[in-house]
Each structure stands twice: as structure tokens, then as C-alpha cells.
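Below, each chain spelled out in residue letters.
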Amino acid sequence: MTSHISVGLIVLSVLVLGAATPGRTATVEGGPLRVSVAGDGSVDGVSAAGTNVLNADAQAASGFAVRDFAGGEEYVPLRGAATQADAGLNFVVGADTVKAQVTAELKPWQDTLEVSGVLRSQAPPPRSLTVRFALPVDLAGWSWHRDLSRTLTVNDLADFSNAVPCKWGAGLMDLWPLAAVSDDRSTLCVATRVDEPRLFRIQYLGEQGLLAISFDFGLSEHSRKFATEAPFHFFIYALDRPTGVRGALERYYDLFPELFVERTRQVGGWFAWGDIARQPAPLCDFGLMFHEQPESEDGLAHDTELGLVPMPYIEPSMYQLHFGDQEDKPTREQILERLRTYADPATTGRIWSNKPCTTPEQEELKRRLCEAVLKSGVRDAQGELVINSVGQYHWVAGSRWAAQLGCVLDPDIPGGRGEYLLEHARKNVLDKPRMKGAYLDSYQAHMGSASFAPEQIAAADIPPIFAGDPPQPCVTVAFGGFEYVEALRKLIGEERVILPNLYNFRYPIPFHQFDVLGKEHWVAPAGWLMQSFRALGEHKVVTQLPAYEDATTDFLRQMLLYDVFPGGYARHTGDPPIGMRADYRTLIPWLRVLHRLGWEPVTEVTATQKDIRIERYGKAPGPVALVLYSPYVGRKAHVTLDAARIGVPPDAWCVDPLDEEPLSWQRDGELLTVEAAVRAGNVRLVVVGNTQQQARVQLMMAEDRVDDAAFCLREWQMRQGQEHPAKANFDKRPAPVEPGWIEETKATMTGDEPSLARGRELMDLGLAHLQAAETMAPAKPQPVPEPPRGGVVLALPFEENFDKPLDTARWEFKADDPGIRLKDGKLELEIARGRGAGIMLKPLLDFSARPRQLDWDFQYNHSGGWYYLMLTFCLQPPAEGSGDIFRIRIDPGISMRIENGETAPSGYRISLTPYTKYKTNVPHHMTLQIGPEQYALWIDGELHGRGEHRLGFTHGQFTAGVYSGHGGFGDVCWMDNLKMKEIGELTETPQ
């Protein structure tokens, strides 16, 4: 692991300085951040970009603190000595109550404050400890940044964090390596290095007034390195602009460029299996580049001829033990018996799926794999092997039964799966020169599993954590995966590609070692997952596989927002993307242009409309491309560019190269305002630059079209088995391409085959782009028409009395669910199966400009039993991955409150209104008024609450539902007389 931590130097500096008497407050500066530390180790001063943000009331809990989970104590501040050394500070602090000490160094580094430290136990292991460092700051009213597009308003009533729940440590874990909070002048950031994986979380603890980072460690007597101590490392920095997490990311890329190395110049989509030649020509239309598991020597040869990137299939984090030979679900005893039998060298005639192994090599492979599972398989706290799942999987022959066993991939476990996989990579990557990398399937599979095996803890180079009740030290599949990927990179070298199938993002990922970030099956192109891949990959290739069906044009266009390449398959003729050829042909060239321009995290662009999302590609010397996305409804987007900061010259103008639709713009000093019509759920591509910069885009497109024409020629040779005469011309291709060469070369591309016909078309397009660059003249602003609002917007006034069958064009629900029914002119909701029953109004309620009023009758019924039942009425955005919601939550009692997107991240400690009691099992009338910023809610004419809703969306779908983790017990809730209308403004009483 790459690390800036030097434990020996820290200890040495402490020994040298330890005799010094703790002095007065010392101040350390890291760029715009100043932190003052008192002699006992507490923090007594914090300023960001010249603004004092100290919360003096929080000083007592500031600095370092430790929590002993086995003892059940809360955080105990560590106190001792903080002494100045050179430009930084050395800490030696501890507390007898938790029998722990921290030695650490805080020093300036590249306009940040770098903290390197070691947590030491002063009691024998095992221990389950959390070390925390906290700044005492008052950030009320600041914005906590959930991600690139969502912010929450900080207050002193709740905790703010982006951590996700996990079953390790304190139960919360950050996935992004940094967090940021900003006001209207500055940004404050806390970060770790992505190549130093730890179980950590960054939080603003509102009630305590602390901006904190915490690390969970399990110190184990079985560990060779971490029996009594564990290192930690982080950075704190401020920015003198309110750029939030985008600015924090930009600074992070500058600080750690080695974590964002682009190891491949090849750009395109990921495709799976088979042989690319099975897809019909011309193949260049699809932009496919990274090939998972060619299934024949011919397929591998074809990849090589076309200049693609073939990779062998590796499924690292689990082993699937097949039971296709038996009809019944295998029991635990049967699974363990088969595993041990297969691992025994004396056993022969082993079963492989539903038939015997056919060769000694297959038997030996099976034996080695099962032996590796016994060495590195996940073990519970009692030492028993964990069987992660048992199911019937379509890829298993016979009855399809199989057991999945998660493995700790640490290559230092002798005979373990990590060691085996490195042997596999030697044979299938290093010993096969045509293989250009490694494909890691199902990379996140079972990575949430914790293993307590002593020999696995002993092998770990990443500090163990703790889990269980009572907590015990353990290692995880996720961190073992880090160690394996680091070893794989060292083995195969920097020149080869590693592409993981990141099916989800629930556990830490070694983004720094991955070159292409892939997602199997369609997911929202503008959602949180793709946003995370772009943010944590910076300029690396991001790609998705189709979900075995064709996506709509609008869906594919959304991939422009984060520059995501759609992929495909090559096992069967007719596999996707064959049905999407026209859309791929249009979009792939522009995805390549965006990749070459480069994504910029700080857009320097703002939109008047709250729900318009913008990403920028390119910087000085230009051009700049903007991707505008309207998730909900069609609208005229009005965006303002800070031309001076971006480097847009005074003579810049705008063009829409994708749709060629009208744009309007106006320059006012250092600002450029652009108006563009964006359809609902769609994007617009706007290129900004002067004539020279706009011409550069045309030249990029010309080179790209000629590249694809060359690909067509290679495809012809692959299919015909001989070189085409035109290759001699392509071998003399000038740089940059010239019109005369294009015309001459096109004339030699003779033949009627589809690849040659497309190649000639591409040469014509390349020539047209060259001519456009030569004759480029500034465009003029044009009037921008209003786009269609979209048929999904609800027409008002609206009324639903539930006195006739539900209109399936209007309502979405499970028609066969017995818990969703109309009775006595009411909509009844009961959990008759599963854990919930609900209904959703498909059209969007638009509250972006004027408030809307919603009225309905309801009754919450609960018999008062031991089980929990929740009734909700919600407004939620249709775009996947937003994580935002306006929820009217009704719990037993009945207790009612309003929740929003801040509620879940706060651990459900924050809500827009407190719980209020109302009578249960009787009818009530509810009135909700909601506008762009404010809401008001009445129950039976009495005000329940009003104020800011702080939603990140302005168009929502209305839902009603009942839910319980215990299932249904016969309770039936109902609603009736739903009405919605427009009102001019929020009122004092319902209208």
C-alpha cells in the first residue's frame, strides 16, 4: 500500500520532544486553514479563509478522543502534550479510562494540514477501539454536501454525514474518501487517501459542534502488525471559495495525482463473452473496446486484429460450489462435506456441476479451489465457515443449485484464494501476450462479510476492524480485495488494464488501481452510482453493460452527463447493442470528444432553475462543452458561465453540435449567459468557444471519423482474411489528417461489404468536419422556443375519488396485490404479502414555480399489537439515485411527523416537524401546501407544521403506502378524496 505514514519517525519525534513542557497555544497554517492547538492537545482556534469558525463550547471534546466499544464507554478526550516542531505539532495524548494513547504529527503539506498518527493500546488485546479527531466549529447554516448535486443545510440538532450503514465497527462507513461543508465564502474539507483503506467516517456532529473524522480498529493478538497499535492518516484543508465537494475533489486530484493515473489511451464500451465477429458489420458503430472473456482463440485473435482490449474472466471474492447434480437445496452439512471431499487429494471422480470432471486438470483445479476456500473462506466468530448464500443460478448446469462462499483475498494467506488468483493471472494474463488486462467480475460480491479467522487476521497488511456482539477484531472481504488488487497490479504491470464489474458501491473500492469502471446492466446514467464513478475516477473510462434489452434514446443520451460509454455482448448475433445501432452511432463520437476534453468537477456554471443539472468538460485553452440535463420537465435552461475563471475568451460563441437546435447567449463582462431548451429527461450538449476553439472540435471529430474508418478496414481484413489495398494509404496517414489524403484514401476503399461502405461514409464525414473547421464562422444567437413540458406533468386541478377501477395509465401499482384494493369508494392498503403495499401517481406534480395544495382523507388503523406499521404519504423525484424525499410518516399511536432527505443521513434524528399525536382508527383530513421552497401541512384544519422543506427536487410523484418489517397482521389503512390544485401562495389556512 502506498502510504505517507511514517510511524517510526512519529515515535522518534515524540521521544525527542516528550520531555518538553506543554506550552501555550500553537498555530499551524495550511493554506486558507488555520488551526490552533492548546498545550494539552485540545483545539482552541479554527479559521477558514479568514473567517473564525471556532465553537468555544465544543473545545472540551475537541482534538483526539477514543471510544472503547467493548467497555461501552462514549468518546473519551485524550489529553497530554502538544508540542511545536518545525512548522507542525507533535501530539502525545492519552486517557487512563480507555487505556489508550495517540502519538501523532500535524503539519502543513501543500496548503493542507496533514495528520499522521498511531493509536496504541495500553491494555492487552483483543480491543475494539475508535479514534476520533475533531475540530470545534460552529457550522450552523452551512451546506453539507451529500454528493455533486445534493446539499443539506447544517443545523445544531442533528449529525451530518455521507456514511452508509455497515455491519462493522460503529456501524457507519464512508465510501467517498472526502467530505466537504461550505458557506457563501469558503469550503472546509476532510479527506483520506483512497489507497490507504480504513473503516472511517467524516461527520459534522451538530449538537456537539464538532467536525470529526473517526477510524475503527480491532487490535488482535493474532495480528503480526496490529496487535497493540494501528496507524491512521488524513488531511484537512480549506478553500477560499464556496465550491463545496466539487472544489474539494478538484483539490484532491491536485494533491494526489498518483491516485488518478490513466493507464490506457483506449476509449470505449465494455462488452462481454463470445467473439466480436458475431456482431454484424460495421462494428465501429458500437464503440466497443474492452472485451470480457473472449470464448475462443478466434475471438481473442479478432480482438487483436481490431486493436481491442481482451481480458480473461476472474471472479475474485467468492467461490461457487455447484450442486447441479442434486435436485434438492443442499444443506450446510452437504456443502461442507462436498467442499472437504473436493479439497482432499485422495478423492477422485469428483462431480463438476451435473457431470464428472472429464480431465485430471479439471479435478486438480477443483481441488485447488476448494482447498483455497478452506484456507481463506470467511469464518464467523466461532470459527465456522460462512456459507454466504445458497440458490439456483441460471449459469449452473443441471438443477442449478450452488453455494456461494465469500473469501478473504489477501494474497499473504498461504494456499488461499488470493494466492490462487495471482497464479491464475500469471497463466492467463502474463503467459498470454494477447491478453491486455484482467476483468474482475462481481467485484463487490460478499464484500460486506467479516472474518474472524486468526490466520487471516495474522496475514493482514491493512489494520483489522471489529464486528459482532460483543465486538471482536476481524478482517473483511472488502479490505482483502484491496490487498489482492494491489498485488495484481504489481504482477501485471502498469501497461495492462484492470476492469472490475462494480455491480454496486456499498463497500470501499480501490479506484486508484482500476482503469475502466464498469457496471453490469443498465442503471440510471445520471444517478448516484455513475456520479460516484466519475468523481472517484476523474478522467478514467466509465461504462455500462446493457441489461439484455435496448435502452431508449433519452436514456442513452443521459450518458453524456457523466461521459458513460454504453457497452454490449458478443455471444449471439442480435445481442445488444445491435438494436441500438443508430443511437450508438450518434452518441459514441461525442462521448469520445467529452473524454478527450476532460471532465471538470468545478463547473463554474450556475443555472437559474434549481432542477437543471450541469457538467462541464474542457478548460483553457478551450473549447468548453456543457451537458445540461433536465430530469423532470422540459424547460428553457438559463445558465451563467464565469467566463473569466473558465478561460472563455470575449469573442466566444455557442453551438449545439448534437441536435443543432437554437441557442441564445449574451456576454456581460466576465459572465456569459446561455439559454437552451431542454426536453424532459433529456440533455443538451453546448460547446462554448471562439472560432479557433470551435474549429478544434471539428478537427477532433474529423480525426475520430478517420479512426473509425481505419477500424472498418481492420474489420474487413478480419472477416476476409486478407489485407485491403487501402491499408497502404492508411499507413501513410498524415498527422493531422488532410483533405487531399482523405479523398485519395477513400477512393481506394473499394468493395460493397458493410464495413467498407461505412468506412467511405466516415471518410466523407471526416472531410466535412475538416471543411467546417476551415470555413468556421461565428454563429449568432437565435430565439429559443419553449420545449414541451412533457406528458408526465400532472394537469391541474386533479381529483381522484377511488369510486371506480384505477386508471393504469395514471396510477402505478401491483395489480395482483390483494393488499391494494378499492372498497366502499376508498383505496384500502393492507400488507397482504411481503413487507409493504403502495400506489404511485405516475404524472409529476410540478411545484417549481407556484405552490400546489393537496387534500385527502385517510384513516390509520392499528390494533395496538407488538408489531410495527407505518403509513406514508410522499412526494419523491422520479430520477433514480436522488435519495431525496418529502415523507409524511405516520407511526403507531398515531405519531406523525414530516421527513425529508436529511432524515436518513442523520440517523433519523432530524425531521421537519416533531412527532405529534393524533387519534388512531378514526378518519382524518390532511391538507398539504408545497412550493419551490416552503411547505405547510394541516391535519383536520389544525396546523401541523410549516417552513422550508429543503428538497433538491421541484417535481415529485405522489405515493401512498403501508410498510412493516414484520409483514401484515390484518390492519387496513385507507385514503379517499384526493384533490390537487394550484394556489398563488402559501396561506395561513387551507384554501
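Above: the structure in question.
Now for a look at the structure at hand. (Residues numbered from 1 in each chain as written. Predicted model: local features only at pLDDT ≥ 70, side-chain atom pairs only at ≥ 80, totals over all residues. Heavy atoms only, no water.)

1. What about the sheet that holds strand E39 (residues 568-569)?
Selection criterion: Strands are labelled as partners when DSSP assigns at least two bridges between them. Here a helix means four or more residues in a row that DSSP labels H or I, a strand means two or more in a row labelled E, and each is numbered from the N terminus.
Taken in spatial order, the four strands of this open sheet run E24-E23-E22-E39, and their pairing is parallel. Both edges of this open sheet fall to strand E24 (309-311) and E39, since each of them pairs with a single strand only. Pairing between strand E22 (residues 269-272) and E39: two bridges, direction parallel. Residue pairing for E39: alanine 272 is matched across the bridge by tyrosine 569.

2. Overview of the sheet that holds strand E44 (residues 635-642)
This is how it is decided: Axes, fitted as lines to C-alpha atoms, cover a helix only where it is in contact. Angles between the N-to-C directions of the axes lie from 0 to 180 degrees.
An order of E41-E44-E47-E46 is seen for the four strands of this open sheet, with the pairing classed as antiparallel. Of all the strands in the sheet, the pair left with one neighbour each is strand E41 (605-607) and strand E46 (664-668). Sheet twist, expressed as the mean angle between neighbouring strand axes with direction ignored, is 20°. Here E44 runs beside strand E47 (residues 671-678); their pairing, made up of eight bridges, is antiparallel. Bridging from a neighbouring strand, arginine 635 pairs with valine 678 of E47.

3. Let's talk about the pattern of salt bridges
Note the cut-off: Any Lys or Arg side-chain nitrogen located within 4 Å of an Asp or Glu carboxyl oxygen qualifies as a salt bridge. Relative accessible area decides the class of each residue, using a 1.4 Å probe on protein chains only: under 20% of the type maximum gives buried, over 50% gives exposed, and in between gives partly exposed.
If you walk through the whole model with that rule in mind, you get 55 salt bridges. Its salt-bridge partner being glutamate 297, residue arginine 434 comes within 2.6 Å of it at the nearest N-O pair. Highlighted residues: arginine 434 in the loop between helix H6 (417-430) and strand E31 (437-440) and glutamate 297 in helix H3 (residues 297-306), separated in sequence by 137 residues. Classification of arginine 434 by relative accessible area gives partly exposed; the value is 32%. For arginine 719, the salt bridge identified is with glutamate 715, shortest N-O distance 3.0 Å. Placement of both arginine 719 and glutamate 715 in helix H13 (residues 691-720) is noted, with a separation of four residues, approximately one turn of the helix. Residue glutamate 715 is classed as buried on the basis of its relative accessible area, which comes to 0%. Members of the salt-bridge network, linked through shared partners, are Asp285, Arg581, Arg585, Arg758 and Glu761.

4. Concerning helix H2 (residues 244-255)
Heads up, the condition is: Here the expected span of a helix is defined as 1.5 Å times the quantity of residues minus one.
The end-to-end C-alpha separation of H2 is 17 Å, in line with the 16 Å expected for 12 residues at 1.5 Å each. Of all 12 residues making up H2, 10 are buried, and the element is well covered by its neighbours.

5. What to know about the packing of helix H15 (residues 739-748) against helix H16 (residues 754-774)
For clarity, the threshold we go by: Here roughly perpendicular refers to angles of 65 to 115 degrees, roughly parallel to angles under 35, roughly antiparallel to angles over 145, and oblique to all remaining angles. A crossing counts as left-handed when the near helix is turned anticlockwise from the far one by less than a right angle, and as right-handed when that turn is clockwise. Every residue pair with non-hydrogen atoms within 4.5 Å of one another is taken to be in contact. Note on residue categories: nonpolar means Ala, Val, Leu, Ile, Met, Phe, Trp, Tyr, Cys or Pro, charged means Asp, Glu, Lys or Arg, and polar means any other residue, Gly included.
Axis separation between H15 and H16 bottoms out at 10 Å; the angle between their running directions is 165°. By the angle between their axes, H15 is roughly antiparallel relative to H16. Crossing geometry of H15 relative to H16 is assigned as left-handed. Residues Pro739, Trp741, Ile742, Glu743, Thr745 and Lys746 of H15 touch H16, and the partners they reach there are Arg760, Met763, Asp764, Gly766, Leu767, Leu770 and Glu774. Among the residues forming the contact of H15 with H16, the class breakdown is six nonpolar, two polar and five charged.

6. Some details on the packing of H6 against helix H8 (residues 477-492)
Remark: H6 packs on H8, axes separated minimally by 10 Å, with the N-to-C direction vectors making an angle of 30°. Viewed along their axes, H6 and H8 adopt a mutual orientation that is roughly parallel. Along this stretch, H6 crosses H8, giving a crossing that reads as right-handed. Contact residues: Gly418, Leu421, Leu422, Ala425, Arg426, Val429 and Leu430 in H6; Tyr484, Ala487, Leu488, Leu491 and Ile492 in H8. Taken together, the residues of the contact of H6 with H8 sort by class into 10 nonpolar, one polar and one charged.

7. Focus: the state of the cysteines
Heads up, the condition is: When two cysteine sulfur atoms lie within 2.5 Å, the pair is treated as a disulfide.
A full pass over the atoms with the stated rule returns zero disulfides. Free of any disulfide, cysteine 407 has its nearest cysteine sulfur in cysteine 370, 10.0 Å distant.

8. Structural notes on the pairing of strand E37 (residues 541-544)
Rules: Seen with its strands pointing away from the viewer, a crossover is right-handed if its path from the first strand over the helix to the second goes clockwise.
Burial of E37 is two-sided: the residues Val541 and Thr543 facing one way and the residues Val542 and Gln544 facing the other way are all buried. Relative to E37, strand E36 (residues 516-519) runs parallel, the two sharing four bridges. In the strand pairing of E37, glycine 518 is matched with threonine 543. Handedness of the crossover is the feature at issue here: the chain leaves E36, passes through helix H9 (residues 528-537), returns alongside E37, and the resulting connection is right-handed. Pairing geometry for E37 and strand E38 (residues 564-566), over three bridges, is parallel. Within E38, the position partnered with threonine 543 by the bridge is phenylalanine 565.

9. Overview of the pairing of strand E19 (residues 199-205)
Along E19, seven of the seven residues are buried, which leaves the element largely enclosed by surrounding structure. Taking every second residue as pointing to the same face, both faces of E19 are buried, with Leu199, Arg201, Gln203 and Leu205 on one and Phe200, Ile202 and Tyr204 on the other. Relative to E19, strand E14 (residues 159-161) is paired through three bridges, and the arrangement is antiparallel. Following the sheet pairing, serine 161 is matched in E19 by glutamine 203. In this structure, E19 lies alongside strand E20 (residues 210-219), joined through seven bridges in antiparallel fashion. Note that in E20 the partner of leucine 205 across the bridge is leucine 210. Linkage of E19 to E20, two consecutive antiparallel strands, is achieved through a turn of four residues, within which glycine 209 is found at a positive phi near 70°.

10. Side note on the packing of aromatic side chains
Worth spelling out the cut-off: The rule is short: rings of Phe, Tyr and Trp, with Trp giving its six-membered ring, pair when the centres are within 6.5 Å, and they are stacked under 30 degrees, edge-to-face over 60, tilted in between. Only when the NZ atom of a Lys or the CZ atom of an Arg is both within 6 Å of the ring centre and within 35 degrees of the ring normal do we say a charge sits over the ring.
Overall, the coordinates contain 40 aromatic pairs when judged by the stated rule. Centre to centre, the rings of phenylalanine 215 and phenylalanine 217 are 6.3 Å apart; their planes meet at 5°, and the pair counts as stacked. Between phenylalanine 215 and phenylalanine 234, the aromatic rings sit 6.1 Å apart at their centres with planes inclined by 35°, giving tilted as the arrangement. With a gap of 19 residues between them, phenylalanine 215 in strand E20 and phenylalanine 234 in strand E21 (residues 229-239) connect regions that are remote in the sequence. The class for phenylalanine 215 is buried, based on a relative accessible area of 2%. For phenylalanine 234, a relative accessible area of 1% puts it in the buried group. Chaining the aromatic ring pairs together yields one cluster made of Phe64, Phe91, Phe133, Phe200, Phe215, Phe217, Phe232 and Phe234. Directly above the aromatic system of phenylalanine 69 lies the positively charged group of arginine 67, at a separation of 3.8 Å from the ring centroid. Lying over the aromatic face of tyrosine 503, lysine 519 brings its terminal NZ or CZ to 4.2 Å of the ring centre.

11. Looking at the environment of lysine 842
Our working definition: Think of a polar contact as two N or O atoms within 3.5 Å of one another; within protein, one of them needs to be a possible hydrogen donor and the other a possible acceptor, and neighboring residues in sequence only count if both atoms come from side chains.
Position of lysine 842 among the secondary structure elements: in the loop between strand E53 (836-841) and strand E54 (845-846). For lysine 842, a relative accessible area of 31% translates into the label partly exposed. Taking C-alpha positions, lysine 842 is 8.8 Å from valine 793, a pair spaced 49 residues apart along the chain. One polar contact links the side chain of lysine 842 to the main-chain carbonyl oxygen of threonine 808, over a distance of 2.7 Å.

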